[in-house]
Amino acid sequence: MCNKCLMRRSLFSAGMGALAVTASVAAARAQPVRSADTPDAALARLVEGNARYVAGKLNERDFSAGRAARAQGQAPFAAILGCADSRVAPELAFDQAPGELFVVRVAGNFVTPDGLGSLEYGVAVLGTKVIMVLGHTSCGAVNATVEALQKGNTLPGHIAGLVSSMKPAIEPVLKSPAPDLNQRAVVANVQANVLRLKAEKPILGEMVAAGELRVVGAYYDLPTGKVVLV
Ligand SMILES: [Zn+2]
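If you're wondering where the values come from, they're calculated on a predicted model, not measured in any experiment.

Peer 1: Quick question: what am I supposed to make of the pattern of salt bridges here?
Peer 2: One side chain can pair with another of opposite charge once the charged atoms of both are near each other. For the structure on display, the rule yields nine salt bridges. When the shortest N-O distance is used, the salt bridge between Arg61 and Asp95 registers 2.8 Å. You can see Arg61 sitting in the loop between helix H3 (39-55) and helix H4 (67-70) and its partner Asp95 sitting in the loop between helix H5 (90-93) and strand E2 (101-105), a full 34 residues away along the chain. Arg61 gets classed as partly exposed once you look at its relative accessible area, which sits at 31%. Residue class for Asp95 comes out buried when judged on its relative accessible area of 3%.

Dropping the structure here:
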C-alpha cells in the first residue's frame, strides 16, 4: 500500500476521518467535481484566473447559489502557500470561487510543520493537484529578514521566529548586493520552499515523483496583480 493510501486509511481510522465519513455517507451522490484533474490543468487554471484578475474581467458569481452544494464536500484543485499580507488574497488573485483553493498563509510564505501537514492533507486526502508557493513584491517579512541579517538586529516577540525560519533561504542572496536585493530575496525564498516541498517525505515527494502533483513557485506583483512563475 502506498504512503498516500496509508495516510488516507490512517486519517479515516482516526477521529479526523469520522467527520468526513459521516458526511460522505450522507452525500455520496453530491461530491463536488474537481475543476482541474491533472497538475498541468490545475496550473493552467490558476494562470487563466490570474489573467482575468489582471484584466479586471472576473467571472460573475452568485456565492449564495453554491452554498448548499459546498456543504456536501470539497475538491479544491490547487493549494496555495501564501503570505499573510492583506494585499495578496489568493481567491481574488486567481479569480476562484469558494471550494476551489486550499490556502495556507503565514507571513513570509515559508513551510512550517503545521502548514506542511495542512498541505499534505489537501493533496493526499482532498486530491489537490498543484501546490503554488506564492511570494509577493515588497514583502514585509522578507524585507525584515534581509534587514535583520544585514544589521544583526533581533526583532521583538515571536516575529524573530519568522526571521530565523526564513534565514536559510534568504542569506545566500546577501552575498550579491544590488538594488534589487529585496526582490531577489523574495524569489529565493519562494524557490527554497518549492524545493523543500518537493523533497518532503513521505507524501509530497512521492506524489511529485509519480506525476500526481506539481509544486511550483511564483510571486504576486503588487502594482499590477500579475502572478509571475519563478
Ligand atoms: Zn509578505
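Peer 1: How should the layout of surface pockets be read in this particular structure?
Peer 2: The space that makes up the second largest pocket amounts to roughly 170 Å³. Forming the walls of the second largest pocket are Pro32, Val33, Gly66, Ala69, Arg70, Gly73, Gln74, Ala75, Pro98, Gly99 and Glu100. Its residues assigned to classes, the lining of the second largest pocket comprises five nonpolar, four polar and two charged.

Peer 1: What is the right way to read the coordination of the zinc ion from this model?
Peer 2: The expected angle between donors at a tetrahedral four-coordinate metal is 109.5 degrees. At an octahedral six-coordinate metal it is 90 or 180 degrees. Around the zinc ion, the protein contributes the donor atoms Cys83 (SG), His136 (NE2) and Cys139 (SG), at 2.0 to 2.3 Å from the metal centre. Of note, the donors binding the zinc ion are all from one chain and are spaced C-x52-H-x2-C. Of this pair, Cys83 sits in the loop between strand E1 (78-82) and H5 while Cys139 sits in the loop between strand E3 (130-136) and helix H7 (140-151); the two residues are 56 residues apart in sequence, bridging distant segments of the chain. A single burial state applies to Cys83 and to Cys139, both of which are buried.

Reading guide: rules and limits
- All residue numbers refer to positions counted from 1 along the written sequence of the respective chain.
- For a predicted model such as this one, the threshold for reporting local features is a pLDDT of at least 70, and the threshold for listing and counting side-chain atom pairs is 80 or more; totals across whole chains, interfaces and linings nevertheless cover every residue.
- The side-chain numbers reported here are obtained from all heavy atoms of the structure, hydrogens and water having been left aside.
- Salt bridges are defined as contacts in which a side-chain nitrogen from Lys or Arg sits within 4 Å of a carboxyl oxygen from Asp or Glu.
- Counting from the N terminus, the helices are DSSP H or I runs at least four residues long and the strands are E runs at least two residues long.
- Think of it in three bands: residues with accessible area under 20% of the maximum for their type are buried, residues over 50% are exposed, and the middle band is partly exposed, with areas taken using a 1.4 Å probe on protein chains only.
- Buried and open spaces are told apart on a 1 Å grid over the protein atoms alone, a cavity being a set of points where a 1.4 Å probe fits but cannot get out and a pocket being an open set with protein on both sides within 12 Å along at least five of seven lines. Residues with an atom within 4 Å of a point are the lining residues.
- Grid points are joined across faces, edges and corners, and a volume is the space filled by probe spheres set on the points.
- For this classification, Asp, Glu, Lys and Arg are treated as charged, while Ala, Val, Leu, Ile, Met, Phe, Trp, Tyr, Cys and Pro are nonpolar and the rest, including Gly, are polar.
- Coordinating N, O and S atoms are those within 2.8 Å of the metal (3.2 Å for Na, K and Ca), and as water is not part of the atoms, a site may appear to have fewer donors than expected.

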